[in-house]
Amino acid sequence: MLQSERLDVRQILAHLPLFRELSPEQLDLIAAGTREKRVEKGEMLFQKGDKPRGFYVIVFGQVKLAFPSSNGNEKVVEVIGPKQSFGEAVMFMDRPYPVFAETLSDTLLFYIAENAVLDLLGTDPSFARRMLAGLSLRLHSLLQDVESYSLRSSTQRVIGYLLQQCEENEAGDGEVSIDLPTSKQVIASRLNLTPETLSRIFHDLSDAQLITMQGKKITFHDLGQLREFDL
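Predicted model only: the values in this text are computed from it and were never measured.

**Student:** What should I look at first to understand the sheet that holds strand S9 (residues 176-179) in this one?
**Tutor:** As a general point, the strands of a sheet are linked pairwise by backbone hydrogen bonds and lie either parallel or antiparallel. Pairing is antiparallel across the open sheet formed by three strands, whose spatial order is S9-S11-S10. Edge positions in the sheet fall to S9 and strand S10 (211-214), since each has one partner strand and no second. If you compare each strand with its neighbour and ignore which way they point, the axes differ by 20° on average. Alignment of S10 against strand S11 (residues 217-220), held across four bridges, turns out to be antiparallel. Across the sheet, the residue bridging to Met 213 is Ile 218, located in S11. Packing of helix H8 (residues 195-207) onto the sheet brings it into contact with S10 and S11, and relative to S10 it is tilted by some 125°.

Below, the structure is given as structure tokens:
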């Protein structure tokens with residue numbers, strides 16, 4: 001269960017990359033338009049077609065953005081983690097959400113009202129540049145996904161994902177261990193694979209003695225060899 005104590009919203013906002021350079025007065029403006037939202041694992045933040053009136057920043061936890069389908073399957077577009085934001089683009093375009101958002105763990109979010117953001121964009125060009133930079137990085141990531149799905153094999157996609165997790169965990173060379181950040185089903189959908197294909201690739205990498213898996217824990221025996229395998 002999520003704890004219920006009240007947080008210092010302004011202090012947390014001041015340490016998020018998007019708001020780090022704001023003046024005290026500007027932080028007060030954003031904090032006044034921020035609502036704290038504590039959500040347990042498996043809850044929906046919004047459905048496809050809902051109308052945004054602001055955007056979200058994750059303080060801790062994880063959220064998946066995904067397309068629903070009529071047959072009950074889903075396509076995971078992105079998994080969002082701490083200090084990341086989402087929902088800005090559709091807010092600016094004044095369009096409904098094209099995806100749904102579901103928490104993958106107990107999560108604390110800040111929901112920042114549209115009016116507070118628009119007021120600050122009109123008075124602080126540096127904030128506008130940071131917001132634009134964040135949206136540009138998101139677009140670049142989506143373009144990389146398209147390239148990966150088109151040009152890289154299933155195995156290369158999985159290895160690339162694993163290497164990215166090592167980088168985010170600041171793992172060095174040699175033998176290291178990490179925990180997968182979410183379920184294998186979500187990872188498979190994120191990589192545009194079936195769960196069966198992902199399991200087969202993990203099995204093949206284990207047979208090649210590149211990794212050892214125990215539940216969500218993966219031990220990499222030699223990251224250098226894994227990187228060479230990805231070439």
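**Student:** What am I meant to see in the side chain of Gln 165 here?
**Tutor:** Along the polypeptide, Gln 165 turns up in helix H6 (residues 154-168). Leaving out residues up to four positions away in the same chain, Gln 165 has contacts with Ile 178 and Pro 181.

**Student:** Is there a simple way to think about the packing of aromatic side chains in this case?
**Tutor:** Aromatic ring pairs are reported here in terms of the distance separating the ring centres and the angle at which the planes meet. The full count for this structure, using the stated rule, is five aromatic pairs. Aromatic side chains Phe 46 and Phe 86 sit 6.3 Å apart centroid to centroid with 45° between the ring planes, which places their arrangement in the tilted category. Here the residue Phe 46 occupies a position in strand S2 (residues 44-46), and Phe 86 occupies one in strand S6 (residues 85-86), the gap between them amounting to 40 residues. Each residue in the set Phe 46, Tyr 56, Phe 86, Tyr 97 and Tyr 111 is aromatic and connected to the rest through ring pairs, giving one cluster.

Parameters at a glance
- Each residue is numbered by its place in its chain's sequence as written, counting from 1.
- pLDDT decides what is reported in this predicted model: residues at 70 or higher carry local features, side-chain atom pairs at 80 or more are listed and counted, and totals for whole chains, interfaces and linings draw on all residues regardless.
- To get the side-chain values, all heavy atoms of the structure are used, and hydrogens and water are removed first.
- Paired strands, as defined in this entry, are two strands with at least two bridges between them according to DSSP.
- Helix and strand definitions follow DSSP, with helices as H or I runs of at least four residues and strands as E runs of at least two, each counted in order from the N terminus.
- Lines fitted to C-alpha atoms define the axes, with helix axes restricted to the stretch in contact, and inter-axis angles between N-to-C directions lie between 0 and 180 degrees.
- Between two residues, a contact is recorded if the distance between any of their heavy atoms is within 4.5 Å.
- Any Phe, Tyr or Trp ring, taking Trp's six-membered ring, that has another such ring centre within 6.5 Å forms a pair; planes under 30 degrees apart are called stacked, those over 60 apart edge-to-face, and the others tilted.

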